[in-house]
Amino acid sequence: MACALRRLFLRWVYSLRATEVKQVVVLGATGSIGLSTLDVLNRHTDRFNLHTITANRSVEKMLELVLAYEPQQAIMACPDAAEELASRLPVESPTRVLGGEQALIDAASASDVDVVMAAIVGFAGLRPTLAAAEHGKRLLLANKEALVSAGGVFMEAARAGGATLLPIDSEHNAMFQCIPANSRGRPYTAGVEKILLTASGGPFRGRSRSELAGVTPEQACAHPNWSMGRKISVDSATLLNKGLELAEACWLFDCTPDDIDVVVHPQSIIHSLVRYDDGSVLAQLGNPDMRTPIAYGLSWPERIDAGVSPLDLISLAQLDFEAPDLDAFPCLRLAQEAITQPGGMCVLNAANEIAVAAFLEGQLTFTGIDKVIAHTLEKVPSVEPENLEGVEALDGRARVCAQERVEQLERDTGGV
Ligand code: NDP
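Residues numbered from 1 in each chain as written. Predicted model: local features only at pLDDT ≥ 70, side-chain atom pairs only at ≥ 80, totals over all residues. Heavy atoms only, no water.

> Tell me about the packing of aromatic side chains, and please be specific about residues and values.
A full pass over the atoms with the stated rule returns four aromatic pairs. The interplanar angle of 65 degrees and the centroid separation of 5.7 Å between the aromatic rings of Phe-176 and Trp-300 together place this pair among those described as edge-to-face. You can see Phe-176 sitting in helix α8 (residues 170–178) and its partner Trp-300 sitting in the loop between α13 (291–299) and α14 (313–316), a full 124 residues away along the chain. In this structure Trp-300 comes out as partly exposed when scored by relative accessible area, which is 23%. Clustering of aromatic rings is evident, with ring pairs tying together Phe-176, Tyr-296 and Trp-300. (Phe/Tyr/Trp six-rings, centres within 6.5 Å; stacked < 30°, edge-to-face > 60°. Helix = DSSP H or I, 4+ residues; strand = E, 2+ residues; numbered from the N terminus. Buried < 20%, exposed > 50% of the residue type's maximum accessible area, 1.4 Å probe, protein only.)

Following this line, the structure appears as structure tokens:
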């Protein structure tokens, strides 16, 4: 009750200071990034008001969040889940429950919304994320699959809409912090010689290809440094995530894959580096906690408390670096090749989403993931999509092809 009164009071204060308090939508609120975002927002209720939270089907988790944060709106992408959520909320709840993808798009583009955290996993987040870009929001981009798949279409929407695109991926957030503000988008005119994209190497770093064949989803999802959703955990284990990030960096910083080197850094303390023509190397360091890039995205160009413990270099003692093993982890090589093909990353992303889902369901081996991606890239004709419909059509073709390959591998080998 006291909590509800405090919220009502804060809402009243916000209405008086409407121009100062930012209205925030968290797409994918029940996920790993979503929950970290809510944690940071909750530390700064004087600056941010939770306008809308969204999820797909996780009614139980969403119910907890609605009761704890009382946003104006709670949206479930799945309409049945929305009905269930609405039926379980107390009648006095101030939160309006909506269902379906259009409700997500409407929330991300609503005129009274300032900030959108795009943290839906996978291609499913494209439409609402794009809507936020088109409507000129401060767009905190965690959903890398949306940018990587839609590429030029996405960047043009953000440019035309006047969106402020802030990278939440820790590596890109680090690059953003290391490249001077007046040259962002054109790093090579600022004397940047190379971007060094760091990779943890994932849970299987150091293993040979033959040692990877029998690894389980639980092992693949047990990342040594980061606690993340299952899909990105598998991407991190295959190094496919680094391929997505390579493409993401090319779009965000207007450069080519040749301008970026991938460096394995197992401790995940340095989140990326930028090397300049004069020999200077700028790096961003911090404990592996996504609340740091989230807080920076929310407050940029200022800085706010993220709740992250200070970095203790003495107890760390050592930082290691090595080259990625592209023979054991061919997904990164596949991405390096796909980036050079029109629409290649859209096809790669779709094939990967199908393959990872099959791996997590026990229908495909870990080493089957790159086989499905390679096959799909070979079979689906390369074409540069010109608009959203083109992106969705290419994604759809790649999914059908990848699914057929999964089923064929399952028949040939018994899958696992
Ligand atoms: P999670 O799997 O933890 O959460 C995904 C969120 O998306 C959940 O809220 C989920 O809802 C929602 N969702 C899933 N499918 C749909 C759908 N079809 N329609 C609408 N909503 C949907 O993922 P993460 O938080 O780990 O990752 C989110 C994004 O951020 C990914 O793109 C990832 O690559 C990126 N990222 C994540 C990092 C991390 O540390 N986790 C680091 C850097 C980037 P529900 O709970 O109902 O399923």
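Once you've had a look at it, read on.
> Which residues make up the site of the ligand, and what values do they have?
Around the ligand lies a shell of 24 residues, among which Thr-30, Asn-56, Arg-57, Ser-58 and Glu-145 are the nearest. For the ligand, an oxygen atom lies 2.9 Å from a polar atom in the backbone of Ser-32. A distance of 2.9 Å is found between an oxygen atom of the ligand and a backbone nitrogen or oxygen belonging to Ile-33. Relative to its free-state accessible area of 900 Å², the ligand is covered by the protein chains to the extent of 86%. Mapped by element, the contributors of at least two residues to the shell around the ligand are α2 (32–42) and α7 (144–161). (Near = heavy atom within 4 Å. Polar contact = N/O pair within 3.5 Å; in protein donor to acceptor, adjacent residues only side chain to side chain. Areas by Shrake-Rupley, 256 points an atom, 1.4 Å probe, with all protein chains shown as cover.)

> Before we move on, can you summarise the sheet that holds strand β11 (residues 281–285) with the specific residues and values?
The strand order across the open sheet built from four strands is β9-β8-β10-β11, with neighbouring strands paired in mixed fashion. Each having just a single partner strand, β9 (260–264) and β11 make up the two edges of the open sheet. The average angle at which neighbouring strand axes cross in this sheet is 20 degrees, direction not considered. One ladder, built from five bridges, connects strand β8 (residues 192–199) with β9; its direction is parallel. Along β9, the bridge assignment pairs Ile-195 with Ile-260. (Pairing = 2+ DSSP bridges. Axes fitted to C-alpha atoms, helices over the stretch in contact; angles between N-to-C directions.)

> Explain the packing of helix α12 (residues 240–253) against helix α15 (residues 331–338) residue by residue, including any values.
Where α12 meets α15, the closest approach of the two axes is 7 Å, and the angle between their N-to-C directions is 25 degrees. Of the possible angle classes, the one that applies to α12 and α15 is roughly parallel. In the crossing of α12 with α15, the sense of the turn from one axis to the other is right-handed. Every residue of α15 that contacts α12 at Leu-240, Lys-242, Gly-243 and Leu-246 is listed here: Cys-331, Leu-332, Ala-335 and Gln-336. The residue inventory of the contact of α12 with α15, partitioned by class, reads five nonpolar, two polar and one charged. (Parallel < 35°, antiparallel > 145°, perpendicular 65-115°, else oblique. Left-handed = near helix turned anticlockwise from the far one by under 90°. Contact = heavy atoms within 4.5 Å. Nonpolar A, V, L, I, M, F, W, Y, C, P; charged D, E, K, R; others polar.)

> Describe the nonpolar core, naming the residues involved and giving the relevant values.
Judged by nonpolar contacts, the single largest core of 130 residues is most densely connected at Ile-53 and Phe-154. A per-element tally of this core places helix α16 (residues 344–360) first, with eleven residues. Apart from the residues lying within four places of it in its own chain, the contact partners of Ile-53 are Val-26, Ala-29, Leu-38, Met-62, Leu-65, Val-66, Pro-71, Gln-73, Ala-74 and Ile-75. (Core = buried A, V, L, I, M, F, W, Y, C linked by side-chain atoms within 4.5 Å.)

> Can you explain the environment of Phe-154? Please cite residues and give values.
Position of Phe-154 relative to the elements: it lies in helix α7. A C-alpha to C-alpha distance of 14 Å links Phe-154 and Leu-140, two positions 14 residues apart in sequence.

> Go over the state of the cysteines with me, naming the residues and quoting the values.
For the structure on display, the rule yields zero disulfides. Looking at the unpaired Cys-331, the closest cysteine sulfur is the one in Cys-221, lying at 15 Å. We note that Cys-346 lacks a disulfide partner, and the nearest cysteine sulfur, in Cys-401, lies 13 Å from it. (Disulfide = S-S within 2.5 Å.)

> Run through the pairing of strand β6 (residues 138–141), naming residues and quoting values.
Going residue by residue along β6, you find Arg-138 and Leu-140 tucked away on one face and Leu-139 and Leu-141 tucked away on the opposite face as well. In the sheet, strand β5 (residues 115–118) pairs with β6 via four bridges, with the strands oriented parallel. Along β6, the bridge assignment pairs Met-117 with Leu-140. Following the backbone out of β5, through helix α6 (residues 126–134) and into the adjacent parallel β6, one traces a crossover that is right-handed. Sheet analysis places β6 next to strand β7 (residues 164–167), joined by four bridges and oriented parallel. Bridge pairing in β7 links Leu-141 to Pro-167. (Right-handed = clockwise from strand over helix to strand, strands pointing away.)

> Got a sec to walk through α7? Specific residues and values, please.
For α7, with 18 residues, the first-to-last C-alpha span of 19 Å runs short of the 26 Å given by 1.5 Å per residue. Among all positions of α7, only Lys-144, Glu-145, Ala-146, Leu-147, Val-148, Ser-149, Ala-150, Gly-151, Val-153, Phe-154, Ala-157 and Ala-158 are buried. Two residues or fewer after α7 comes Gly-162, characterised by a positive phi angle close to 75 degrees. (Expected span 1.5 Å × (residues − 1).)

> Describe the sheet that holds β7, and please don't skip the residues or the numbers.
Ordered by their spatial adjacency, seven strands build an open sheet running β4-β3-β2-β1-β5-β6-β7, and the pairing between neighbours is parallel. The open sheet is flanked by β4 (96–99) and β7, the only strands paired with a single partner. The sheet shows a mean angle of 20 degrees between the axes of neighbouring strands, direction not considered.

> Outline the side chain of His-271, supporting the account with residue identities and numerical values.
Within the secondary structure, His-271 sits in strand β10 (residues 270–276). Its relative accessible area of 5% is what places His-271 among the buried residues. For His-271, the side chain forms a polar contact with the main-chain oxygen of Gly-286, separated by 2.9 Å. Each residue touching His-271, except ones within four places of it in the same chain, is listed here: Ser-170, Glu-171, Ala-174, Thr-198, Trp-226, Gln-284, Leu-285, Gly-286, Asn-287 and Pro-288.

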